[in-house]
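Take a look at the letters that make up each chain.
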Amino acid sequence: MTRPRIYLFGDSITEASYVGGGWGAALTYHFARTADVVLRGYSGYNTRWALKVVERVFPDDGVSPIAVTVFFGANDACLPDRCSAFQHVPIAEYKENLQAIVSFFKKRWPATQVLLLTPPPIDDEVRLQYPYIENPANLPERTNQHAGLYARAAVEVAEETGVPVIDFWTIMQQTPDWKTYLSDGLHLSPSGNTVVFDQVIKKLGEAGLSLDALPVDLPLIAEIDTKDPLKAFEFLQK
């Protein structure tokens, strides 16, 4: 019996989602008895690079996952005239790349629920405190305003391709202290991870992928007769 799979495909915000109780780890625990959550996060990647490797990352093994999250845009949104310009992808190409990634999944796994996640907001000032490469101009390599353009583009792609989307750039900024959702002005803090987890669980549930809808693969302890425990496992002999 093959357990259902949920793939998490994205950049460092996905790769780091298993660190310190991140949203990926929380999803794994949430679906512990119903589905395997499989991490496919690639720190620093943009949609241009993701599109190059998607077929290698997801070979056709004959098993369709029940869902896949696509969480790119934070690196595409690097400014073209700043220190991380090598990661920048113009908005028009970003949209084309996202559309191609969604189309790849739809073609390979027609029954799989594809869920787009927009990049989160950026704390411009805090970004200056966490340079990943030499930054002689001392200017943030990303800005919140620019990230918002990519978030809106991702929402447009979702509408055009008919897949659900979670607009984290907008959702997070609805809270006055939204900057606390970020650990370094870009990546998620514990509270930011909680926001992502809650929203992903909600959206998956709307697509019929809730714990109530997914069967557990083996008997729960509450279903085992204390006087005749092995009776619960008779189905294995059929």
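Residues numbered from 1 in each chain as written. Predicted model: local features only at pLDDT ≥ 70, side-chain atom pairs only at ≥ 80, totals over all residues. Heavy atoms only, no water.

Engineer: In this structure, what is going on with the overall build of the chain? I would like to understand it.
Structural biologist: Looking only at helices and strands, the chain has 8 helices and 5 strands in total. Going from N to C terminus, the chain has its helices and strands arranged as β-α-α-β-α-β-α-β-α-α-β-α-α. The C-alpha radius of gyration of the chain comes to 20 Å, within 12% of the 18 Å expected for a compact globule of 238 residues. With the C-alpha coordinates aligned to their principal axes, the bounding extent of the chain is approximately 70 × 35 × 30 Å. When contacts within the chain are restricted to residue pairs at least 6 apart in sequence, those whose partners lie at least 24 apart make up 77%. Accessible surface computed for the chain: about 12000 Å², of which carbon and sulfur atoms make up 54%. Counting 21 positive and 29 negative side-chain charges, the chain places the centres of these two groups 5 Å from one another. (Helix = DSSP H or I, 4+ residues; strand = E, 2+ residues; numbered from the N terminus. Rg over C-alpha atoms; globule rule 2.2 N^0.38 Å. Contact = heavy atoms within 4.5 Å. Areas by Shrake-Rupley, 256 points an atom, 1.4 Å probe, with all protein chains shown as cover. Lys, Arg positive; Asp, Glu negative; His and termini not counted. Charge placed at Lys NZ, Arg CZ, Asp CG, Glu CD.)

Engineer: Would you mind going over the packing of aromatic side chains with me for this structure?
Structural biologist: The geometry of two aromatic rings is summed up by the distance between their centres and the angle between their planes. Evaluated as defined, the whole model comprises 16 aromatic pairs. A ring pair is formed by Phe9 and Phe72, whose centres lie 4.9 Å apart and whose planes are at 80°; its orientation type is edge-to-face. Here Phe9, found in strand β1 (residues 5-10), pairs with Phe72, found in the loop between β3 (67-71) and α4 (91-108); they are 63 residues apart in sequence, far enough to count as distant. The two residues Phe9 and Phe72 agree in class, both being buried. Here the aromatic cluster, defined as three or more aromatic residues joined through ring pairs, consists of Tyr7, Phe9, Tyr42, Tyr45, Trp49, Phe58, Phe72, Phe86, Phe104, Phe105 and Trp109. One Lys or Arg, Arg152, reaches over the ring of Trp169 and ends 5.8 Å from the middle of that ring. (Phe/Tyr/Trp six-rings, centres within 6.5 Å; stacked < 30°, edge-to-face > 60°. Buried < 20%, exposed > 50% of the residue type's maximum accessible area, 1.4 Å probe, protein only. Lys NZ or Arg CZ within 6 Å of the ring centre and 35° of its normal.)

Engineer: Explain the nonpolar core to me, please; I cannot follow it from the model alone.
Structural biologist: Ranked by size, the top nonpolar core spans 34 residues in total, and within it Trp23, Leu27 and Phe31 carry the most contacts. For this core, the leading source of residues is helix α8 (residues 190-206), giving 6 residues. Apart from the residues lying within four places of it in its own chain, the contact partners of Leu27 are Leu8, Val37, Phe197, Val200 and Ile201. Val57, Val68, Val114 and Ala158 belong to the second largest nonpolar core, which has 27 residues in total. (Core = buried A, V, L, I, M, F, W, Y, C linked by side-chain atoms within 4.5 Å.)

Engineer: I tried to follow the packing of α4 against helix α6 (residues 144-161) on my own but got confused; where do I start?
Structural biologist: Between two packed helices, both the angle of their axes relative to each other and the distance between the axes serve to describe the pair. One way to put it is that α4 packs onto α6 with a least axis distance of 10 Å and a crossing angle of 40°. With respect to each other, α4 and α6 are oriented oblique. The crossing of α4 and α6 is right-handed. Residue-level contacts link Ile91, Tyr94, Lys95, Leu98, Gln99, Val102 and Lys106 of α4 to Leu149, Tyr150, Ala153, Ala154, Glu156, Val157, Glu160 and Thr161 of α6. (Axes fitted to C-alpha atoms, helices over the stretch in contact; angles between N-to-C directions. Parallel < 35°, antiparallel > 145°, perpendicular 65-115°, else oblique. Left-handed = near helix turned anticlockwise from the far one by under 90°.)

Engineer: Hey, could you run me through the side chain of Asn144 in this one?
Structural biologist: Position of Asn144 relative to the elements: it lies in helix α6. At 2.9 Å, the side chain of Asn144 forms a polar contact with the backbone nitrogen of Ile122. Other than its neighbours up to four places away in sequence, Asn144 contacts Pro121, Ile122, Asp124, Trp169, Gln173 and Trp178. (Polar contact = N/O pair within 3.5 Å; in protein donor to acceptor, adjacent residues only side chain to side chain.)

Engineer: For this particular structure, what's the right way to read the side chain of Arg3?
Structural biologist: You can see Arg3 is positioned in the segment before β1. A polar atom in the side chain of Arg3 sits 2.7 Å from the backbone oxygen of Ala32. Within the structure, the side chain of Arg3 is placed 3.1 Å from the side chain of Asp217, a separation counted as a polar contact. Arg3 has contacts with Phe31, Ala32, Arg33, Thr34, Ala35, Asp36 and Asp217, leaving out every residue within four places of it along the chain.

Engineer: Even after reading the chapter, I still don't get the environment of Pro121, so can you show me in this structure?
Structural biologist: Mapped onto the elements, Pro121 comes out in the loop between β4 (113-117) and α5 (124-127). Overall, the relative accessible area of 0% leaves Pro121 in the buried class. Each C-alpha atom of the pair Pro121 and Asp61 lies 36 Å from the other, and the pair is 60 residues apart in sequence.

Honestly, it's all geometry; don't read function into it.
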